[in-house]
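A closer look at the structure
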Amino acid sequence: MDFLKYAVELVAVLLLALGIKGLSKVRSARSANQLAAVAMGLAVLGLLINYLGTTGISAAAWTWILIGTAVGGVLGAITAQRVPMTSMPETVALFNGCGGMSSLLVALAAAFFPAQLEAVGLVAVVSIVISVFVGAITFTGSIVAMAKLQGWLSTPAWMQSKARHVVNIALAVASLVAAIKLIADGNGTQGLTLLVVASGLLGIGVTLPIGGADMPVVISLLNSYSGVAAAAAGFVVGSQLLIVAGAMVGAAGLILTQVMCNGMNRSLVSVLFGGALGAGSSSGGGGGEYTNITSCSVEECALTLEAAERVVIVPGYGLAVAQAQHTLREVTRSLEAAGIQVDYAIHPVAGRMPGHMNVLLAEADVPYEQLKEMDVINPDFPATDVVLVLGANDVVNPQAKNDPNSPLYGMPVLDVQQARTVFVVKRGMSAGYSGIKNDLFELANTSMVFGDAKKVLGDLLGELKELGVGKK
Amino acid sequence: MDSSFVEFLWVLLLGSLLGLELIGKVPPTLHTPLMSGANAVSGITVLAALTAIIRSGDNPVLLILGSVSLGFALFNVIGGFLVTDRMLAMFSRKPARKENR
């Protein structure tokens, strides 16, 4: 029986590792995800078989297993199917938070019932402390991240000030005191309660001040934490499989976080402790009122597009919010039918999460080959007739290249200003995520088309039809 | 407990090293799906929740605590894998259609 258990566990670990590995290649990603799901099923099956063969599983246990499975599984499946593609980042944050909650609850169970779960001794208590601490931070942090992305929460003013560091340090110290008390006493409800509350509040305090643009990095980091929490839970219940899988996710999540930071040209430290980008740096060259704005009608935009040979679309979060990807696809279809070359310039952090725009445009049937990464498309802008910027802002701000005083300085951007004509579709003159003025809008070759992306694109489609673009 | 603890530490070390090596270069396109997929894997705490339920000795509080934990973990696992699949399905569909043209 032991042999079977180890065999199943080894196969499960192998498949999980291959799954995570495969997820980093476009070609193999989908089957890799399915492989990981199979591995997870195998691990659960292996655990059930092992217990059936040794201690047995009581009727009451089966009942509660089925209840938990039914509720969690059904809710998970419904959420996964229903959630719109635009709110992917929030969804990942929500799922991640629940994983952290699960580790937290298991650790609490082990703390209250050490005899049943064989969680006695120093190692067990330390593992419980780690699991509770990391689990609680993961849960509250992920929920705050989700709420911020959904727009349910905004950062209170005092959270932007230095005072938040004092509060967070106090919370961290309180968690540490609770942890030491727990370890010294062996156990205790008082210490446990303090630990749960302090680490939960710490999760909120650390996540709340972080700006929306940096949220993906935070979610990735919290994802890594939930792996650590799972590994700690593995120590609590004595499961090697849990430890391996948790450690794997923890480490891989850390690497992914680093990769994402590199894409945004931000260091992890500045994301975590720097607060919202631009919020504290009013002295920089970023501020100031707009002068010299040229706005134009949809009709003019259509006429310019008709005369173009090469058009590049720059999608941003505004496009996602307006759910305009399908309308955009219709516009580009008629342009393509007229023999105009259309490409999409995808900034690494376009939208609210890396890869977000790719997902949205793929949903609207945009051929994968037309999505060009920043380094590929940037040399092409001087030879481009028209650039259509749809709800993107900071990723096309030339300040990042030209103004060393700008908070954006150094961030890789799309050089759209080098194209002959730039149209920026935007709801109003409000600033982007960073709150920084965009010099692009004042350039002579830039025209603003004000309005909701979906409405503007709909009108544009009508104008193009009237002009007979793409009709044979 | 001591010898198994050392064994666990080895497992932790090797698992972490494996995780560090698994992801090298990831195209930005895949950042969201990869994060989502890895997140689903972190729901492996289902195993801990199941263990808590099975070893509960029919203690009602422990049964319920384990069951709630299982629910949260499965929400993460099933939701995570399905949503990742939904995202990736959109990518993999494209090349096939192109060939048909």
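Values in this document were obtained by computation on a predicted structure and should not be read as measured data. (Residues numbered from 1 in each chain as written. Chains lettered and ligands numbered in written order. Predicted model: local features only at pLDDT ≥ 70, side-chain atom pairs only at ≥ 80, totals over all residues.)

**A word on the overall build of chain B**
How we decide: Helix and strand definitions follow DSSP, with helices as H or I runs of at least four residues and strands as E runs of at least two, each counted in order from the N terminus. Here a residue counts as buried when 20 or more other C-beta atoms fall within 10 Å of its C-beta, as exposed when 12 or fewer do, and as partly exposed in between; the C-beta atoms come from the backbone. Remark: residues whose backbone-derived C-beta atoms lie within 7 Å of one another are considered to be in contact.
From N to C terminus, chain B includes 4 helices and 0 strands. In sequence order, the secondary structure elements of chain B are arranged as α-α-α-α. With 101 residues in all, chain B has 64% of them scored as buried. In chain B, of all internal contacts separated by at least 6 residues, the share reaching a separation of at least 24 is 61%.

**Quick look at the overall build of chain A**
Scanning chain A for helices and strands turns up 18 helices and 6 strands. Seen through its principal axes, chain A has C-alpha atoms that stretch 75 × 50 × 30 Å. Burial analysis of chain A (472 residues in total) assigns 53% to the buried set. Partitioning the contacts of chain A with sequence separation of at least 6, the portion at a separation of at least 24 is 79%.

**Regarding the sheet that holds strand E6 (residues 446–450) of chain A**
Residue and element names in this part refer to chain A. Cut-off, in case you're wondering: Two strands pair under a simple rule: DSSP has to find at least two bridges between them. Structural elements are reduced to axes, namely lines fitted to C-alpha atoms, with helices fitted over the stretch in contact, and the angle between N-to-C directions of any two is expressed from 0 to 180 degrees.
Taken in spatial order, the 6 strands make up an open sheet running E3-E2-E1-E4-E5-E6, and their pairing is parallel. In the strand order of this sheet, the two ends are held by strand E3 (371–373) and E6, each with one partner. On average, each strand axis in the sheet is inclined to that of its neighbour by 25 degrees, with strand direction left out of account. Relative to strand E2 (residues 341–346), strand E1 (residues 310–315) is paired through 4 bridges, and the arrangement is parallel.

**A closer look at unusual backbone geometry**
Peptide bonds are, in most cases, trans, and in most cases residues other than glycine have a negative phi. Even without glycine at this site, Asp365(A) takes up a positive phi of about 70 degrees. Take Asp365(A): it is sitting in the loop between helix H15 (356–363) and E3. For Asp365(A), a count of 14 C-beta atoms within 10 Å translates into the label partly exposed. Of note in the backbone geometry, Asp58(B) takes a positive phi value of approximately 60 degrees without being a glycine. Examined against the element boundaries, Asp58(B) turns out to sit in the loop between helix H3 (46–54) and helix H4 (60–100). The class for Asp58(B) is exposed, based on 12 C-beta atoms found within 10 Å.

**Comments concerning the pairing of E2(A)**
Sheet analysis places E2(A) next to E3(A), joined by 3 bridges and oriented parallel. Note on E3(A): the bridge partner recorded for Tyr344(A) is Leu371(A).

**With respect to the confidence of the model for chain B**
Here is the rule: Note on scores: pLDDT gives the predictor's confidence for each residue, bounded by 0 and 100.
Chain-level statistics for chain B give a pLDDT mean of 84 and a share of 87% at 70 or above. Averaged over each element, pLDDT in chain B is lowest for H4(B) (81) and highest for H3(B) (93).

**Some points on the pairing of E1(A)**
Residue and element names in this part refer to chain A. When you tally the buried positions in E1, you get 5 out of 6 residues, the bulk of the element. Judged from the 5 bridges that link them, E1 and strand E4 (residues 386–390) form a sheet pairing that is parallel. What sits directly across from Ile313, in E4, is Leu388.

**Focus on the confidence of the model for chain A**
All names here are of chain A. Scored by pLDDT, chain A has a mean of 85; 92% of the residues are at 70 or more. When mean pLDDT is compared element by element in chain A, helix H3 (residues 59–82) scores highest at 93, while helix H6 (residues 157–160) scores lowest at 69. This model gives residues 276–287 a pLDDT under 50, and the stretch forms 34 contacts once residues within four places in sequence are excluded.

**Brief notes about helix H18 (residues 453–467) of chain A**
Residues and elements named next belong to chain A. Basically, it comes down to this: Expected helix span is given by 1.5 Å per residue-to-residue step, counting one fewer step than there are residues.
With 15 residues, H18 ought to run about 21 Å at 1.5 Å a step, and its terminal C-alpha atoms sit 21 Å apart, in line with that. Those residues of H18 that are buried are in contact with helix H12 (298–307), helix H13 (317–321), helix H14 (325–337), E4, strand E5 (421–426) and E6. Downstream of H18 by one or two residues, Gly468 has phi in the positive range, about 80 degrees.

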